[in-house]
Amino acid sequence: MKILKIPRGFDLNVAEQPDLSCTHLALPSSLGCCAGDIPHIRPKLLVKEGQRVNTGEALFTDKRDTTIQYVSPATGQVKTVIYGPRRRLMEVVIATESEDEYVEYDPVDLNGIVGMPRDELVACLKKGGLWQGLLRFPALDCAEPDHSPAMIIVAMDGNDLFSPRPDIILKDNIAAFEAGMAILRRFSNRLSVVCRESSLEGIWEIGRSVAEQITHTAPDIYPAWHPGAVLYQIKQQAAENNSWCIRLDHLVMMGRFLLSGRYPVEKIVTITGPGERQPHMRVRQGMPLSALVGKIPGNSLVTTGRFNGRILEKDAHIGLFENTVNIIEAGPGEEMFGFARPGLDKPTLSSTFLSSLFRRPAKMDCTLHGEERACINCSYCERICPNDLMPAFIMKALHADDLEDALALGLMDCCRCGLCSFVCPSKIELTQILSDAMDAYYKDKE
Amino acid sequence: MKNPLKKFFDDTKPLFTGDGKYKKYEPIWDATKTFFFLPSVKTLVMPFVRDHLDLKRYMSIVILALLPVTFFGIYNTGYQAGIGAGESWSVTRCFLIGAWYVLPIIMVSYVVGFAWEFLFAVVRRHNISEGFLVTGLLFPLTLPPTIPLWQVALGISFGVVIGKEVFGGTGRNILNPALTGRAFLFFSYPVSMSGDVWVAGKHLMDGVTGATALSVTGAGGQSITAALYDAGYSLGRLFTGFVPGSVGETSALCCLIGAAILMVTRIANYRIIIGGIAGFVITTIIVYLIPGGQDSWSNAGPFYHLCAGGFLFGISFMATDPVSAPGTNPGRWIFGAAIGFLTVIIRVGNPAFMEGVMLAILFMNVFAPLLDHLVLKYKSSKRIPNV
Ligand code: SF4
Ligand code: SF4
C-alpha cells in the first residue's frame, strides 16, 4: 500500500462530522430520478406522466448514447416530470407503492462475471442503469466500453469532507464489492483503490479481503482522496490521462445488481449541518430532500458537497452521484467594520485572522465574505491547488481566448475541487471558469 | 435595535440601485457602505463555502504594516524640525509638529486620489477596488515632509491616472501607482525631491538644510563611514531612523517590523523581500570588495546601505505590491534579487540618483510580465501533457 502525499489542500478542522451509527429511513411517498447531477448528459425522456413503472425500468436515456439508461428507483406512477432552464430534463418523480415490483435479470455469479463476454457485460450494466457509475477522465463523462483505460481508480470516499464512510457502505456488501472489482478487472488490469487515512481502520474491521486490495491511502486533507487529485499524484505518462474512475457505492451497486439480478435501490447518505451530529442513513435511491432533513433553517443553503456539489432546492431529490447533504448556514450577515475585526471566529486558510493561530473547529457559512474584484496576482489560488495548477494564469489565458496556453498550463488536470475559488481574496469564480472551459473543450473535441 | 448607520444605508439603497435617481453614483455608495459593512451575499456556485479573507482585509493588513513607519515618520518629522530649530522638543511636541506637516500630505493624497478613483468608477461603472487604500498612504510616505501640497496632489493624480487607470484599473496596472507618482515628482520637481531635504524646521527657523545620508561623500581621503559619522549618520541612527529623509523611509527598524507583519500574515510574498535583501546585500559586498572608491558609497558595506535611504521601505512595501510584481514564485525570487542588485548599482554608479530603489522597482515592474512568461513556459514544459 502506498501513502499518497498531497502538498496542499484544505486542512481546517470542521465540526459537523456525522455519527458512525446508521439508521434506516422508511420509504417516502415519492422518489425521484435526477438528471441534474449527471455530467454532460443530454437527457431524453422515455416515459409519460401517469405511466406506471417498475423498479429498475428505464425513465430516461442519454441522447448521445441511448443504450445508457437511467432507471426508476421505485415502483409506481410517474407523478411529475420536472424541467429546468431551457427545458432541460431535471427530475422524474415517482409516486411510490409500498411493494416493489422489480425488472428481473438473470443473476450472475463471480465466475459468470469473469466468463461473460465483455459486450454482454456492458450491455447488461447499461440496461441495469449502472454503467454510468464508471467515469472517464478528464471530463468525467461516462466511460466508453470499447476503450481500455490505463488505470481505473476506485475512490472509497466521496466528494465531501463528510461523505459516507466506506465501512458503512461495505457492511453486508463485501461479496458485492468483490463482484464489482471483478467487473473492473475485465476492463483494466491496473486498479488503484484509494481510501482516506481515517477510513482505513474501519475497512480493516469490516473485511480483510477488501482492505488488502487497497493500493493507496490519501491523507485527510481535502481533496487528497478525490479521483482527480489521486490521478494527478500517481500518473506518470500522458496515456493515463484517460483513466477511468468509480466511486465505492457505485461499484457495490454494480456488484449487487449482477449478483441479484435486481436494481439495487439502497444507498447510504450523510447529512451534515450545524447542531447535532446526525447518523449515517440507509435510504432509497432518489430520496426527496424533505424526507432526509427535517426543518431547514431559513436562509441557509443545502448542497451536495460544500466544495463541489450542487444546490438542492427544497423539493429536490438526491441524484445517483450524490450521497451527502450539507446544510450550510448563512452566517451573521453584514458585519460592521468586518474587515478590521480580529476574527477569532473566522476560519481562513490565510494567516490574516487570529483564527489561524488556533485549530478550533471552523464554522463555515455560505456567504462570499466580500465582493468580486480584479485579480491582484496574489497566488493564493496557486498555493492551494492540489494539482499544481496556476488557476489565475489559466483564467487569464482563457480570458484572452488562448486555449492552447490554458491547456499547456494544465487546464485539463483540474479536478474541480473548488479550493481556488475558496481562497481567492478577490472572490473570482475560478473553479467555475476553469470547469466551464474544460467542459467546452471536451464538447468540442467529442 | 437596528444600527442607525445600517438604517441609513438601507434607506438610501433605492436611490442608488436599480432605477434609483442617483444610479450613476452607485460605486460611491457601494464603496462607502461596504467600508462600514462587510458585504455578505450568498454563494451561488460551487464551492459554497468561502474563505473569510477578502481584499478589504488584505489591504487592511498592509495598512497595519504601514502604521509603524507612519507613526515613526510623523514623530521623526517633528524631531528633525526640533533639531532644525536648535531646540530639544518633548515627544508630544515632536508628534504634534510632525503631524502638522505630515497629516495634510496624507489627507491630500487620499482625497485627491479617491476623487480620481470615484470618477473612474462612475465612468467605467465598476466597483471601487480597495487597492487605493494602500496607494493613498504609501505615496505620502515616500515624500519629504516639506513638499508643497499642490505637488502631492499632482503626484497622486499622475500615479492614479497614468500609473493605474490608463491600464484599466487595479489588477491591470504594470507599474506600482504610488511609485509612479513619486517618480513623476522626482523628475518634474527635482528641487523639492532632491537629496538635500529641507527639513521641516525651515519654516520655523530659515535656512537649515539637512543632506540625506545617501548624498554624503567622504571629502579628501576620508572614508565614507567616517564621513557619515561626522555628518551625524551613525549606523545606529540610520537603523532607528532619527535622520532627515522622506517621511516613511528613514527607519530601517520600522520597515523591518512592517515587513515582518506582511510576511507572517503572508500578505506580501516573502520571496520578494528575502530575495531582494539577499540580492542587495550580496551586491553591496561585491562592490565593497572592488578596490577603490574609499570615499564613496561603494565602500559603505551592506549595513550602511541597508539602513540608509529607502531600500527597505521599497522592498517591503513597494516591490511586494502583488499586482505589479510577478505572479510566479521563481519570478518573484528573480524580481526581488534584481531590485536589490539594481538599487546598489544605481546608488554607486550614478550619484545623481541617490534613490536607486525607486527606479529599480519601476524598472523591474516593467519586466515582471516577461519573468512570468518565462516561468510559465518552463513550468508548462514540465507537466505531463493533458490535451
Ligand atoms: S484549479 Fe482550482 S478547482 Fe482545479 S484542481 Fe486546482 S484548486 Fe482545484
Ligand atoms: S487567488 Fe484570486 S486574486 Fe489571487 S492570484 Fe488567484 S485569482 Fe488572482
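Every chain is numbered on its own, with residues counted from 1 as its sequence reads. Written order decides the labels, with chains lettered from A and ligands numbered from 1. Per-residue local features are limited, in this predicted model, to residues with pLDDT of at least 70; the limit for side-chain atom pairs, both in listing and counting, is 80 or more; totals at the level of whole chains, interfaces and linings are taken over all residues. Think of the side-chain values as coming from all heavy atoms in the structure, minus any hydrogens and water.

**Q** Looking at this model, I keep getting lost on the site of ligand 2. Mind explaining?
**A** Any residue with a heavy atom lying within 4 Å of a molecule or strand is counted as near it. Close to ligand 2 lie 13 residues; A:C375, A:C378, A:S379, A:C381 and A:C424 are nearest. Ten residue types, Ala, Val, Leu, Ile, Met, Phe, Trp, Tyr, Cys and Pro, are classed as nonpolar, four, Asp, Glu, Lys and Arg, as charged, and the remainder, Gly among them, as polar. For the shell around ligand 2, the per-class residue count stands at 10 nonpolar, 3 polar and no charged.

**Q** Explain the interface of chain A and chain B here, please?
**A** For interface size, the figure often reported is the accessible area lost on association. Tallying the contact residues gives 80 residues for chain A and 59 residues for chain B. Both sides together, the interface formed by chain A and chain B hides about 6,200 Å², and carbon and sulfur atoms give 56% of it. Salt bridges, as used here, are contacts in which a Lys or Arg side-chain nitrogen is within 4 Å of a carboxyl oxygen on Asp or Glu. For the pair chain A and chain B, the number of links is 3 salt bridges. Note that B:R383 and A:D413 form a salt bridge whose closest N and O atoms lie 3.0 Å from each other. Polar contact is defined as a pair of N or O atoms within 3.5 Å, subject to the rule that within protein one atom must be able to donate a hydrogen and the other to accept it, and that residues adjacent in sequence are counted only when both atoms are side-chain atoms. Between chain A and chain B we count 21 residue pairs in polar contact (both at pLDDT 80 or more) in total. Strands here mean DSSP runs of E at least two residues long; helices mean DSSP runs of H or I at least four residues long; both are numbered from the N terminus. At the level of elements, β18 (301-303), β20 (335-336), α10 (380-384), α12 (403-408), α13 (419-423) and α14 (430-445) of chain A are the ones that each hand at least two residues to the side of chain A that touches chain B. The contact rule is simple, with two residues in contact once any of their heavy atoms fall within 4.5 Å. Buried area: the accessible surface (1.4 Å probe) lost by two parts on joining, summed over both.

**Q** Where do I start with the packing of helix α7 (residues 177-188) of chain B against helix α16 (residues 356-382) of chain B in this structure?
**A** When two helices pack together, you describe them by how their axes are tilted relative to each other and by the distance separating the axes. All names here are of chain B. Two elements in contact, α7 and α16, have axes separated by 10 Å at closest approach and are oriented at 125°. Viewed along their axes, α7 and α16 adopt a mutual orientation that is oblique. Like other packed secondary-structure pairs, α7 and α16 cross with a definite hand, here left-handed. Contacts from L179, T180, R182, A183, F186 and F187 of α7 reach α16 at M358, L359, I361 and L362. Across the contact of α7 with α16, the residue classes break down as 8 nonpolar, 1 polar and 1 charged. Between N-to-C directions, angles cover 0 to 180 degrees, with each direction set by a line fitted to C-alpha atoms, over the stretch in contact for helices. Each angle is binned into one of four classes, with values under 35 degrees roughly parallel, values over 145 roughly antiparallel, values of 65 to 115 roughly perpendicular, and all other values oblique. Handedness of a helix crossing follows the sense of rotation of the near helix relative to the far helix, less than a right angle counterclockwise being left-handed and clockwise being right-handed.

**Q** What is the right way to read the site of ligand 1 from this model?
**A** Taken together, A:C385, A:P386, A:L389, A:P391, A:C414, A:C415, A:R416, A:C417, A:G418, A:C420, A:T431 and A:L434 make up the full set of residues near ligand 1. Of the residues belonging to the shell around ligand 1, the class tally is 9 nonpolar, 2 polar and 1 charged.

**Q** Mind showing me how you'd approach the pattern of salt bridges here?
**A** Here the idea is simple: oppositely charged side chains can pair when their charged atoms come close. Residues and elements named next belong to chain A. In total, this model carries 25 salt bridges over all chains according to the counting rule given. A salt bridge links R262 to E104; its shortest N-O distance comes to 3.1 Å. With R262 in the loop between α8 (248-260) and β16 (266-272) and E104 in the loop between β9 (89-96) and α1 (110-115), this pair connects stretches of sequence that are 158 residues apart. We call a residue buried when its accessible area falls under 20% of the maximum for its residue type, exposed when it is over 50%, and partly exposed in between, using a 1.4 Å probe and counting protein chains only. We classify R262 as partly exposed; its relative accessible area is 36%. E104 gets classed as partly exposed once you look at its relative accessible area, which sits at 47%.

**Q** Before we go on, may I ask you to explain unusual backbone geometry in this structure?
**A** What you tend to see is this: most non-glycine residues have negative phi, and most peptide bonds are trans. The step from A:Y222 to A:P223 runs through a cis peptide bond, and the omega angle for that step is -5°. Along the chain, A:P223 falls in the loop between β14 (216-218) and α7 (227-234). In this structure, the amide linkage connecting B:M46 to the following residue, B:P47, adopts the cis form with an omega of -5°. The topology assignment puts B:P47 in the loop between β1 (37-38) and α3 (55-84). In the Ramachandran plot, A:L140 falls in the positive-phi region, its phi being about 55° despite a non-glycine side chain. Relative to the helices and strands, A:L140 resides in the loop between β10 (135-136) and β11 (141-142). For A:L140, a relative accessible area of 27% corresponds to the partly exposed category. At A:N377, a position not held by glycine, the phi torsion is positive, near 70°. Secondary-structure assignment places A:N377 in the loop between β20 and α10.

**Q** Sorry, what's going on with the sheet that holds β10(A) here?
**A** The strands that make up a sheet are held in pairs by hydrogen bonds between backbone atoms, and each pair lies either parallel or antiparallel. Residues and elements named next belong to chain A. Any two strands with at least two DSSP-identified bridges between them are counted as paired. Reading across the sheet, the 7 strands line up as β1-β14-β13-β12-β15-β10-β11 and stay open at both edges, with mixed pairing between neighbours. The open sheet has two free edges, formed respectively by β1 (2-3) and β11, since each of these has just one partner strand. Here strand β12 (residues 152-155) pairs with strand β15 (residues 244-247) via 4 bridges, running parallel. Bridge assignment links V154 to a residue of β15, and that residue is I246.

**Q** Can you walk me through the packing of aromatic side chains in this structure?
**A** Any aromatic ring pair is given by two values, namely how distant the centres are and how the planes are angled relative to each other. Planes of paired rings set the category: under 30 degrees apart is stacked, over 60 is edge-to-face and the rest tilted, where pairs are Phe, Tyr or Trp rings (Trp by its six-membered ring) whose centres lie within 6.5 Å. The full count for this structure, using the stated rule, is 27 aromatic pairs over all chains. With a centroid separation of 5.2 Å and 70° between ring planes, the pair formed by A:Y105 and A:F257 is classed as edge-to-face. Of this pair, A:Y105 sits in the loop between β9 and α1 while A:F257 sits in helix α8, and the two are 152 residues apart along the sequence. With centroids separated by 6.1 Å and ring planes inclined at 85°, the aromatic side chains of B:Y270 and B:W333 adopt a geometry described as edge-to-face. In this pair, B:Y270 is assigned in helix α12 (residues 270-289) and B:W333 in helix α15 (residues 329-349), connecting sequence segments 63 residues apart. The class for B:Y270 is partly exposed, based on a relative accessible area of 36%. Members of the aromatic cluster, joined through ring pairs, are A:F10, A:Y222, A:W225, A:F307 and A:F422. Whether a charge sits over a ring comes down to the Lys NZ or Arg CZ being within 6 Å of the ring centre and within 35 degrees of the ring normal. Between A:R87 and the ring centre of A:Y83, over which it is positioned, the NZ or CZ distance is 4.1 Å. Sitting over the face of the ring of A:W225, A:R196 holds its NZ or CZ atom 3.8 Å from the ring centroid.

**Q** Where do I start with the nonpolar core in this structure?
**A** Generally speaking, soluble globular proteins have nonpolar side chains that are buried together. Buried Ala, Val, Leu, Ile, Met, Phe, Trp, Tyr and Cys residues that are joined via side-chain atoms within 4.5 Å together make up what is termed a nonpolar core. A:F10, A:F60, A:M156 and A:V325 are the most contacted members of the largest nonpolar core, which has 202 residues in total. Broken down by element, this core gets its largest block of residues, 11 residues, from α3(B). Residues within four places of A:M156 in sequence aside, it is in contact with A:P166, A:L170, A:F177, A:V193, A:V194, A:C195, A:I203, A:V210 and A:L248. With 18 residues, the next largest nonpolar core counts A:C385, A:I394, A:A437 and B:L376 among its residues.

**Q** Teacher, can you tell me more about the confidence of the model for chain A here?
**A** Close inspection of predicted coordinates is inappropriate in any region flagged by low pLDDT. For chain A, mean pLDDT is 87; residues scoring 70 or higher make up 97% of the total. On a scale of 0 to 100, pLDDT captures the predictor's confidence in every residue. Predicted confidence in chain A is weakest over β20(A), with a mean pLDDT of 68, and strongest over helix α11 (residues 391-399) of chain A, with 93.

**Q** Whenever I open this one, the side chain of A:R284 confuses me. Can you help?
**A** Residues and elements named next belong to chain A. Tracing the chain through its elements places R284 in strand β17 (residues 279-284). Classification of R284 as buried rests on a relative accessible area of 12%. Only 2.8 Å separates the side chain of R284 from the side chain of D100, close enough to count as a polar contact. Residues in contact with R284, not counting those within four places in the same chain, are L27, L31, P73, A74, D100, V265 and K267.

**Q** How should helix α11 (residues 252-264) of chain B be read in this particular structure?
**A** Structurally, the α-helix is built with 3.6 residues per turn, so residues lying three or four positions apart point the same way. Residues and elements named next belong to chain B. Under the 1.5 Å per step criterion, the end-to-end length of α11 is 18 Å for 13 residues, consistent within 8% with the ideal 18 Å. Those residues of α11 lying buried are A252, C254, C255, G258, A259 and L262. An end-on view of α11 places all buried positions within 165° of arc, on one side of the element. Elements that come into contact with the buried residues of α11 comprise α3, α10 (235-240), α12, α13 (301-307) and α14 (311-318). With its phi angle positive at about 60°, R266 sits one or two positions after the end of α11. Residue count minus one, scaled by 1.5 Å, sets the expected span of a helix. Starting at the helix axis, one direction is taken to each C-beta atom, and the arc is that of these directions.

**Q** Whenever I open this one, the sheet that holds strand β5 (residues 52-53) of chain A confuses me. Can you help?
**A** All names here are of chain A. Ordered by their spatial adjacency, 4 strands build an open sheet running β3-β9-β8-β5, and the pairing between neighbours is antiparallel. Two strands bound the open sheet, and with one partner strand each, they are β3 (30-34) and β5. For strand β8 (residues 76-83) and β9, the ladder comprises 7 bridges, and the chain directions are antiparallel. Within the sheet, the bridge partner assigned to T80 lies in β9 and is V93.

**Q** I'm lost on the side chain of A:T61 in this one. Help?
**A** Residue and element names in this part refer to chain A. Along the chain, T61 turns up in strand β6 (residues 58-62). Polar contacts involving the side chain of T61 include one to the main-chain carbonyl oxygen of T66, which spans 3.3 Å. A polar contact of 2.6 Å, which involves the side chain of T61, links it to the backbone oxygen of I68.

**Q** I keep staring at the packing of helix α4 (residues 91-124) of chain B against helix α6 (residues 149-161) of chain B and nothing clicks. Help me out?
**A** Residues and elements named next belong to chain B. It is at 9 Å that the axes of α4 and α6 come closest, and there the two elements cross at 35°. Classified by chirality, the crossing of α6 by α4 is right-handed. Here P104, I105, V108, S109, V112, G113, W116, E117 and F120 of α4 lie close against α6, whose contacting residues are L149, V152, A153, I156, S157, V160 and V161. Class assignment for the residues of the contact of α4 with α6 results in 12 nonpolar, 3 polar and 1 charged.

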